[in-house]
Protein chains: 2
Amino acid sequence: MPETVSTLGADDALESTTLASRTFDSIKADIIGGELEQGTKIVESDLALKYGISRGPLREAIHRLEQIKLIVRVPHAGSRVVTLDSKMMQDIYIARESLEGMAARLAARLMPEDEIRALSELLDQHEATIGKTDGKAYFQREGDIDFHYRIAAASRNQWILEHLNGELYQLIRMCRRQSGQFPARAQTALDQHRQIAAAIARRDQELAEILMRRHISGAWEIVKKILEDRHD
Amino acid sequence: MPETVSTLGADDALESTTLASRTFDSIKADIIGGELEQGTKIVESDLALKYGISRGPLREAIHRLEQIKLIVRVPHAGSRVVTLDSKMMQDIYIARESLEGMAARLAARLMPEDEIRALSELLDQHEATIGKTDGKAYFQREGDIDFHYRIAAASRNQWILEHLNGELYQLIRMCRRQSGQFPARAQTALDQHRQIAAAIARRDQELAEILMRRHISGAWEIVKKILEDRHD
DNA sequence: ATAGCTTTAATTGTTGACAATTTATGCCTG
DNA sequence: CAGGCATAAATTGTCAACAATTAAAGCTAT
């Protein structure tokens, strides 16, 4: 089992510096993991008790979760776990298409050769994983995010990186959990990843951006279809 | 003096529902306006006293300002007003180019006819303003943001709209204040706005996106040059 | 005189109590 | 019996005191 989750940098830091920060991570994990179901009412006193802290830091955690759009909050009324409807998912995928397309363009210009090599090796690992596990969904997905994360990081654009990694990828994880498994797409995705990596290696900015955008909008079309089929 | 600031939706709500929210708006205005200079150390007790509230809501305001990147905060050490260096500005303009390009594409697809007409009338007002005031900088700038805001809104993409309006436009305002005036560009910008509006009216998604991206990357080139000339 | 350690002050993180607002309950009236 | 007003409960917003951590000042030793 290859250790491809190393560069993720999201679920680390459980031993963080502050109570609010740790609680933020915990709740985030609970929401993404599904322990806290979508639409659940968040009651500050209850959660404070549950996580064994006082309401102060908990409020801070909630506010940060609101910024990430994992929680919606109406003043004086309370907050609930976000419920992802089709429209919101579409908005997220479109924003991601735009930002990651630009990231791929920048990566083609700026990614150093050794990182490009490492990216290629990562895709080799993915191919091996697909062969072995017949597309065991979980690792595929984390591997997919790992690929996208590396390109975002290679853009050397702090704003884009933070918003992809801190916000959009979390929501994408939730979208995927909601729309269930689609292991058939594993090989297709890998092929597209290879093409994108090749464009970056060739320093073809234009193509890298186009391929990335096509890759993501394609992913959205799949998710969209699944959601439509379900609601009939 | 035409009232073109109506659709802005940013500096409104001084009579908001909660203390933290009002304070957030006040501090934000003070930072953008320059009363709180870049790099200023933020001391919670001092600010709480200055704004006449307790540290609780003030902390919430600070955290929100941190999310918007108007304040940088290191745990246990304190927070300062952000200092915009050239790299950060570039990151912001690039992110904006990506997102607004996509917004323009979506607007070309989705903007209703009456909004397109209103957009055109807005540009007429801008032209009149340029003629009358010989490019009085302030109104030009707010007018410019007004134009861009309408397109972002027309994208009907909540994520993009919130992040442009809530985060990037504020930072752009700071960038502009820092790089000083350049009234010569007023007519150029207006021409480009006209072309973008025309592409949207023609429902030409591809062209609308390309023109918007060119418009913004051009704006960055100007700002960049000013910053370089200054530091020599 | 300076480098490094110790002690002190300033600032942030956390807590529990209090005030304001909203939502739910129940009573009264038409 | 239904609708609306008044009251009560629950929940969020705000405050001021306390604990923990970091930055600064002062001191000693080389």
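Residues numbered from 1 in each chain as written. Chains lettered and ligands numbered in written order. Predicted model: local features only at pLDDT ≥ 70, side-chain atom pairs only at ≥ 80, totals over all residues. Heavy atoms only, no water.

Here the focus is the sheet that holds strand β2 (residues 71-74) of chain A. All names here are of chain A. Taken together, the three strands give an open sheet; going across it, the order is β1-β3-β2, and neighbouring strands pair in antiparallel fashion. Each edge of the open sheet carries a strand with a single partner, namely β1 (41-42) and β2. Sheet topology note: the β1/strand β3 (residues 78-81) ladder contains two bridges and is antiparallel. Looking at β3, one finds that K41 is bridged to R80. (Pairing = 2+ DSSP bridges. Helix = DSSP H or I, 4+ residues; strand = E, 2+ residues; numbered from the N terminus.)

For the rest of this paragraph, the subject is the interface of chain A and chain B. Of the residues lining the interface, 31 residues belong to chain A; the matching set on chain B comes to 31 residues. Approximately 2600 Å² of surface area, both sides summed, lies buried where chain A meets chain B, with 55% of it carried by carbon and sulfur atoms. Run the count over chain A and chain B and you get eight salt bridges. For B:E60, the salt bridge is made with A:R59, and the minimal N-O distance between the two is 3.6 Å. (Contact = heavy atoms within 4.5 Å. Buried area = accessible area lost by both parts, 1.4 Å probe. Salt bridge = Lys/Arg side-chain N within 4 Å of Asp/Glu carboxyl O.)

For the rest of this paragraph, the subject is the protein's contact with DNA strand C. Around DNA strand C, the structure places 17 residues, and the nearest of them are A:T18, A:L19, B:I42, B:R55 and B:R59. What you see for DNA strand C is that sugar and phosphate hold 71% of its atoms within 4 Å of the protein. The separation between a phosphate oxygen of DNA strand C and a polar main-chain atom of A:L19 is 2.5 Å. Sorting the residues of the surface near DNA strand C by element identifies α1 (19-33) and α3 (55-67) of chain A together with α3 (55-67) of chain B as the ones contributing at least two each. Its residues assigned to classes, the surface near DNA strand C comprises seven nonpolar, six polar and four charged. (Near = heavy atom within 4 Å. Polar contact = N/O pair within 3.5 Å; in protein donor to acceptor, adjacent residues only side chain to side chain. Nonpolar A, V, L, I, M, F, W, Y, C, P; charged D, E, K, R; others polar.)

Attention shifts here to the relation of the copies chain A and chain B. Of the transformation superimposing chain A on chain B, the axial component is 0.0 Å and the angular component is 180 degrees, with the fit at an RMSD of 0.0 Å. Expressed as an axis order, the relation between the two copies is that of a two-fold axis. Ranked by how close their C-alpha atoms come to the rotation axis, the residues of chain A are headed by A:S98, at 2.9 Å. (Least-squares fit on C-alpha atoms with pLDDT ≥ 70 in both.)

The next point concerns the protein's contact with DNA strand D. The full set close to DNA strand D counts 16 residues, and A:I42, A:R55, A:R59, B:T18 and B:L19 are the nearest of them. Counted by atom, the contact set of DNA strand D within 4 Å of the protein is 72% sugar and phosphate. A:R73 places a polar side-chain atom, nitrogen or oxygen, 3.4 Å from a phosphate oxygen of DNA strand D. Take A:H76: an N or O atom from its main chain is 3.3 Å from a phosphate oxygen of DNA strand D. At the level of secondary structure, the elements contributing two or more residues to the surface near DNA strand D comprise α3 of chain A together with α1 (19-33) of chain B.

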